[in-house]
There are 6 protein chains.
Amino acid sequence: MTEQEPLLKIGLPKGSLQNSTLDLFERAGYRVNVRDRSYFPTINDPELSSVLFRAQEMSRYVEDGVVDIGITGHDWVIENQSDVHEVCELVYSKATSKPVRWVLAVPEESDYHKPEDLAGGIVATELLQSTRRYFQEKNIPIKKVEFSWGATEVKARLVDAIVDVTETGSSLRANKLRVIDTLMTSTTRLIANKEAWTDEAKRRKIEDLALLLEGAINARGQVGLKLNARRVDLDTILGIMPAAQSPTVNELADRDWVAIEVIVDVTVERDLVPKLKRAGATAIFSYPLNKVIA
Amino acid sequence: MTEQEPLLKIGLPKGSLQNSTLDLFERAGYRVNVRDRSYFPTINDPELSSVLFRAQEMSRYVEDGVVDIGITGHDWVIENQSDVHEVCELVYSKATSKPVRWVLAVPEESDYHKPEDLAGGIVATELLQSTRRYFQEKNIPIKKVEFSWGATEVKARLVDAIVDVTETGSSLRANKLRVIDTLMTSTTRLIANKEAWTDEAKRRKIEDLALLLEGAINARGQVGLKLNARRVDLDTILGIMPAAQSPTVNELADRDWVAIEVIVDVTVERDLVPKLKRAGATAIFSYPLNKVIA
Amino acid sequence: MTEQEPLLKIGLPKGSLQNSTLDLFERAGYRVNVRDRSYFPTINDPELSSVLFRAQEMSRYVEDGVVDIGITGHDWVIENQSDVHEVCELVYSKATSKPVRWVLAVPEESDYHKPEDLAGGIVATELLQSTRRYFQEKNIPIKKVEFSWGATEVKARLVDAIVDVTETGSSLRANKLRVIDTLMTSTTRLIANKEAWTDEAKRRKIEDLALLLEGAINARGQVGLKLNARRVDLDTILGIMPAAQSPTVNELADRDWVAIEVIVDVTVERDLVPKLKRAGATAIFSYPLNKVIA
Amino acid sequence: MTEQEPLLKIGLPKGSLQNSTLDLFERAGYRVNVRDRSYFPTINDPELSSVLFRAQEMSRYVEDGVVDIGITGHDWVIENQSDVHEVCELVYSKATSKPVRWVLAVPEESDYHKPEDLAGGIVATELLQSTRRYFQEKNIPIKKVEFSWGATEVKARLVDAIVDVTETGSSLRANKLRVIDTLMTSTTRLIANKEAWTDEAKRRKIEDLALLLEGAINARGQVGLKLNARRVDLDTILGIMPAAQSPTVNELADRDWVAIEVIVDVTVERDLVPKLKRAGATAIFSYPLNKVIA
Amino acid sequence: MTEQEPLLKIGLPKGSLQNSTLDLFERAGYRVNVRDRSYFPTINDPELSSVLFRAQEMSRYVEDGVVDIGITGHDWVIENQSDVHEVCELVYSKATSKPVRWVLAVPEESDYHKPEDLAGGIVATELLQSTRRYFQEKNIPIKKVEFSWGATEVKARLVDAIVDVTETGSSLRANKLRVIDTLMTSTTRLIANKEAWTDEAKRRKIEDLALLLEGAINARGQVGLKLNARRVDLDTILGIMPAAQSPTVNELADRDWVAIEVIVDVTVERDLVPKLKRAGATAIFSYPLNKVIA
Amino acid sequence: MTEQEPLLKIGLPKGSLQNSTLDLFERAGYRVNVRDRSYFPTINDPELSSVLFRAQEMSRYVEDGVVDIGITGHDWVIENQSDVHEVCELVYSKATSKPVRWVLAVPEESDYHKPEDLAGGIVATELLQSTRRYFQEKNIPIKKVEFSWGATEVKARLVDAIVDVTETGSSLRANKLRVIDTLMTSTTRLIANKEAWTDEAKRRKIEDLALLLEGAINARGQVGLKLNARRVDLDTILGIMPAAQSPTVNELADRDWVAIEVIVDVTVERDLVPKLKRAGATAIFSYPLNKVIA
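Below: a short report on this structure. (Residues numbered from 1 in each chain as written. Chains lettered and ligands numbered in written order. Predicted model: local features only at pLDDT ≥ 70, side-chain atom pairs only at ≥ 80, totals over all residues. Heavy atoms only, no water.)

1. So, the packing of aromatic side chains
So, step 1. In the structure shown here, the tally under the stated rule is 57 aromatic pairs over all chains.
So, step 2. Consider the rings of W76(B) and W102(B), whose centres lie 6.1 Å apart with planes at 85 degrees: the pair is edge-to-face. You can see W76(B) sitting in helix α3 (residues 74-79) and its partner W102(B) sitting in strand β7 (residues 100-107), a full 26 residues away along the chain.
So, step 3. W102(B) gets classed as buried once you look at its relative accessible area, which sits at 2%.
So, step 4. Measuring from centroid to centroid gives 5.9 Å for W149(C) and F147(D), while their planes differ by 80 degrees, and the two rings are edge-to-face. (Phe/Tyr/Trp six-rings, centres within 6.5 Å; stacked < 30°, edge-to-face > 60°. Helix = DSSP H or I, 4+ residues; strand = E, 2+ residues; numbered from the N terminus. Buried < 20%, exposed > 50% of the residue type's maximum accessible area, 1.4 Å probe, protein only.)

Next up, the structure:
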């Protein structure tokens, strides 16, 4: 639709991260439209074009320059041994903000208790290369590391062990598996093609985009908090405020009063509000945020 | 998951109020997770734990100290004759902010016109004890007050009268029933165990929680309204403002102008905005709110 | 439900625009309730009453005074040759803010290349009168302009050509049709009965309503942006700001600093934020808006 | 997909009748596939091809020979004054098997009581031509018969009267309308192009198709009922059977017994089964049917 | 809608059994329509009328003659001590055909191991009266049997024990409860008012209805199986057939062969078919059934 | 749940074939329950146990004896080079009964027209090994055959060609791809471990199961057709019948008539019924089938 060649090609993750990614871009200021089954979403910035890839494949396409940047997990960068630049972390998964872990797991009732016990055994995993390297580096001779098409947990009882990804551990528990080692932890990343990263115009655009995406992530779970205070109470009230944030103090027309505004976490707000009220603050209110630049 | 014993146990209402309650807590700053069919939601504050009860049973568990506080209707506190402390009203039902009423109703075509006409009759109701007390206090001898498992309206034609709850009266009209008396009105309440209420740490936590819940309820249906005005127009413009709210007047760098900010109801805003514009205000805009502390 | 005769009767568009219209009114400060299949929504302002009409018919009912004002497309005002006053445009369709177009289209493979080629042919369309006038004005003798009940695209291969509405052109492409002329472009309008428009009280109410609806539309896709700056950097930072917007500069308690607040488009924000940060601005954040009065 | 030109082109009704029509064809032995938004369903008989039309337009396309046969209501054949052959009725609507009626209706509270009262008035309807002819034949001078795009009931209060279609009358009652005359009754029909009907091969195919569609309709609401009886009880048992059906009596290996099989309505079955059991029948059972050729 | 007074009033169970009950009546030959939120379904037999009640209340309304017959669980007949006639069992629940059990259950980790251990304790249950009688008959002094409004499992840890209903035991296991006694087993029943049962016309109708309902239940999970066999193989083949069923043997035109037809369970069919084929049967096929009268 | 070791372990396909497989087993006489996310469905035959695998992996687990039999595509048997016994085809996919094809495809606009043109190119596919073998056997040196995680069609424009599976070709057309060769065709199979196949008890069970599954597949798309005919018309009528089927001719009590019963395809039935009626047959009806043993 635009005749102009876009400055930057972005790979967006298809599948489980797709909707939360589009949502994040929306809050960052970009409207991304995925038409029907098209793999080429449109994006309302003539400098950007985008394509959907599975997170597992993303880093390969970034490395090869098919796209300039992409969003994927650190784990798949490592698995693919992709030579890319990791620009920043993007922690926007809903359930939890903790990294996922790739673990070596066996049935609870099995006799395997440490990686070495698996010598001569078979291990099933979706993370083939990393698992092979893991056992090689430990000098543990494995009979076979075999590729699993998913539902890896269930295979722990068909072979000797599995290497699988876990966020909260609940699926491992449900399948009565025991973790005997952790191979890797991983979070979502914005990654860039190395050549693109050395191109000045592209790098500027990537850094700006990273700033906006991070700003949108920060705004989640924070609110703007406002209140009025007597000038004589100002020090007391500023003393209650969390050290990390620096409140803005505005002049009011009535010179005995000042207005204070601060950005705080919702979990901080809930502790702060009762204290502020007891310290004499009035007209306390809070409002939702769109973007917070650290 | 937390080893620490929580300070306060909260009873949350299961059923029709459940989703709006979780939503209210979210806006108050608490994330409550109900996993699958568990009755013990998790809550992201180590000082709190929670359990789901039917609103009908809540006050019994608060009275017995199974939980320290609970959210339920005033009607069921009375029905259960529970000896609890009512901390505050929480008016967050969506459809309307009016109290519900428990009414004595008969078929439109029936000959009953006042409570006394029901002497010797049968009354079906979900509110067994309160209905019995009502007729005893009035010295009206009823043959039987029988428990209804729901769909009480339809039984008005199978027995002599019913005592049922109504919010807007639409279900009564749909079933062609006529109200001949009101036994009780009721709203949702935050209630506390009496012992918990005398424990200083618990009471402080309860009061803080009440403040945040009320703040979140207040924010619904209000907006923050901002505008700039010439200093010479200030009095005129403040005169237009609703008396109840006290606007904050900020100094601007350009000393001929001031910035005014006020929290108003959305229904007030729609009348106010055209008047402000006609009075010379500029840069008028409004924004949604998260919490308003009265 | 209200005994008082409402000041203004509004026609709301039934069908594809209905939900976005109710949503717009909500953000403008009016709660409109459509009960079940009723055509008479209730509205929480005693001065207003409302009725639902198909957009195609709206202008006829406004012209006749059945309602005082209505929301419909300019195309159907023209099609119906209705003598009404167009108060303002209301551009709140979700997919795009571009006008829709009514186009003359033929199968890609057909031999028709200009309107004149259709002389003696049959044209199917939902926009009967305007199509007839179009060919009359061009002096092209058409055998028949026949009414189409919808799915007009598919008929392009059953007759000689169609006149159909298109927003993005995607349906035309999917049906392999070629556009050979554009008859009309159209956007959504607030239209008023001419008599109502000369009645002082009604006109005042219409203008206020238009102000609020436009304010709510403006707020979409804009954010409030705030930041602190050193007084010495103020001119640089104001120089970065888009010319169209005039920022509000507030005094801070620390006299070396000022607070700046401005309303900007989300697409402007995404360019502005990185520049502001590079220019030394701190405490940059943005928040969603409810209404913006231009 | 088939190179061969199909013998017969069928118009299938798009919209409310679509799913039940496809279902009927399935039970008649034809699998009709509607891909996505295509208007050209595929059909697993190389002699047939099909296209979807709105029921309102069907008869025009049948008359013009765009399709050889079509399924539509008798009402729209009349409205379009289409010169087609009506092959048979197809009564497969789910809710009721009664014909629909097009009625002249006015508000309950109106002063109009007979068609003549509408002289000089305005009538809104979707059935434009038939309504005009109706008043012309009755010599009632109407000011205007105006086209309604649907939701005609609601217009009865905006103009003087409406002509609308009704199946059970519930929508009329809900809108508090009173019927003052019936213009037409209608059922679904299989209609044929007159030329196609005189072509021997096409007519044979149409008659066969009609036989199968009617057979599938008959099978709905009927069951096959089987039982064994002593030869001595045979006359008694046949006497219980409904007169309309002629049971098949089979020889059994045990010459003292016979097997009886009959096709009956489910509402007949429920009366018959207890009687048969009391008359000594054994091994009574029933089974669902696919097609019944009268 | 029918002027005639219906012969029999039926109470149908509202709630979890409702849909499977309507489905059962449909297969028995009755179409029951539940309009919107009406409690008075219509039924296509002028001799029948129906009303919806909760299963818990059903027997009270049958006993009082508000309805002549009803469908409910045996447990609630006992709980309500209702003096009604139980006509037959109706085993049509989908998940399993085993009776439900009301059990006395305690937390797995508790020290209670037999009913006597609960002396002086509190028991929560929905089945108030039966639980009280149970402890009275066992002479176990209970402090309180308190009414539970549902989610009774979760209360086992708030009081001392619960009495709750279980079908497969999975909810008990999920809540880590241990059963220490069974109070009652129960299945669904067709129950009749005692006076109605002595009225000849009503009893005839009730018995016919029971026959049809049981016939429809029997047909589930059975098929009609047909095959041809050489007359010389007949004895061998009949020897393979299950003893309980008596096959029908038909004469064929070819006198060396006979046709055999038998009604069998689907689980029997799967064993029978391979054996029949090995024994020389040909043209083996099976078909679904609608009703089987034992 | 069963203490007895099951005779046979079955691998059922997880994913797109899962529901239709469970449905097939149901009609074959087996109820398979998949609880929540369990991979071990229960099955109501103590001789059987089951486990869910992806079709891609199935043959490996059958070959290794993890399960005795499995249901999967012939393509994945070949891809995995699994040494298993193919018991029979099971053609129960809904959309079509034609085999799927794995094709080598390129963009419509590309210059590749035969496999040899891809020498030195990159090919993406889910069928890695078979694709490599294909090019090796043809002696075409490919730069890389790379694994595709799905959505392979879209990659045809990122690399040189793809090998992808297609049933109707519609996805290829939608992506504007051109097929230049077919590598393999495939249908669903019942496969058995070779050792299990030589075990007499297991083989008997496998053959019985195959008989029942094929019987259930045959019954789809066939009906039982019955009619009465005059004995004098018998030869004519039998002459109309399809040669493949042998009708059963029953004696009727009225010796001038016979009853004829035959199993036919629904597509045959629709041709047959009109002919039979014209030949004098009466009481023609058809009914659905559950199982047909060829």
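Now that the structure is up, let's keep going.
2. Observations regarding the interface of chain D and chain F
Many structure descriptions define interface size as the accessible area lost when the parts assemble.
So, step 1. Each partner contributes residues to the interface: chain D has 26 residues there, and chain F has 22 residues.
So, step 2. Roughly 2100 Å² of surface becomes buried between chain D and chain F when both sides are summed, with 52% attributable to carbon and sulfur atoms.
So, step 3. Sorting the residues of the side of chain D that touches chain F by element identifies α7 (200-219), β14 (248-251), β15 (257-265), β16 (282-288) and β17 (291-292) of chain D as the ones contributing at least two each.
So, step 4. In terms of residue class, the side of chain D that touches chain F is made up of 12 nonpolar, 5 polar and 9 charged. (Contact = heavy atoms within 4.5 Å. Buried area = accessible area lost by both parts, 1.4 Å probe. Nonpolar A, V, L, I, M, F, W, Y, C, P; charged D, E, K, R; others polar.)

3. Quick word on the environment of E146(B)
So, step 1. Along the chain, E146(B) turns up in strand β9 (residues 144-147).
So, step 2. Taking the C-alpha atoms as reference points, E146(B) and A219(B), 73 residues apart in sequence, are found 43 Å from one another.
So, step 3. Setting aside its immediate chain neighbours within four residues, E146(B) contacts I122(B), V123(B), A124(B), T125(B), L128(B), V159(B), R60(E) and Y61(E).
So, step 4. Here R60(E) takes part through its side chain, which lies 3.2 Å from a polar atom of the side chain of E146(B). (Polar contact = N/O pair within 3.5 Å; in protein donor to acceptor, adjacent residues only side chain to side chain.)

4. A short note on the relation of the copies chain D and chain F
Both copies of the chain are related by one operation, a rotation about an axis with a shift along it.
So, step 1. When chain D is fitted to chain F, the residual RMSD is 0.4 Å, and the transformation amounts to a turn of 117 degrees plus an axial shift of 0.3 Å. What the rotation and shift describe, once combined, is the action of a three-fold rotation axis. Taking C-alpha positions as the reference, the residue of chain D nearest the rotation axis is E251(D), at 3.4 Å. (Least-squares fit on C-alpha atoms with pLDDT ≥ 70 in both.)

5. Description of the sheet that holds strand β16 (residues 282-288) of chain C
So, step 1. Ordered by their spatial adjacency, 5 strands build an open sheet running β17(A)-β16(C)-β13(C)-β15(C)-β14(C), and the pairing between neighbours is antiparallel. With partners counted over all chains shown, the strands left at the sheet margins are β17 (291-292) of chain A together with β14 (248-251) of chain C, one partner each.
So, step 2. As judged from the 4 bridges shared by β14(C) and strand β15 (residues 257-265) of chain C, these two strands associate in the antiparallel manner. Looking across to β15(C), one finds that T248(C) is bridged to E261(C). (Pairing = 2+ DSSP bridges.)

6. Notes on the side chain of E57(C)
So, step 1. The topology assignment puts E57(C) in helix α2 (residues 55-63).
So, step 2. Classification of E57(C) by relative accessible area gives buried; the value is 1%.
So, step 3. Excluding anything up to four places from it in sequence, E57(C) contacts N80(C), F147(D), S148(D), W149(D) and K155(D).

7. Thoughts on helix α8 (residues 200-219) of chain F
All names here are of chain F.
So, step 1. With 20 residues, α8 extends 29 Å between its outermost C-alpha atoms, agreeing within 8% with the 28 Å of an ideal straight helix rising 1.5 Å per residue.
So, step 2. The N-cap residue of α8 is D199: its side-chain oxygen and the backbone nitrogen of A201 are 3.0 Å apart.
So, step 3. Looking one or two residues past α8, G221 carries a phi angle of roughly 80 degrees, positive in sign. (Expected span 1.5 Å × (residues − 1).)

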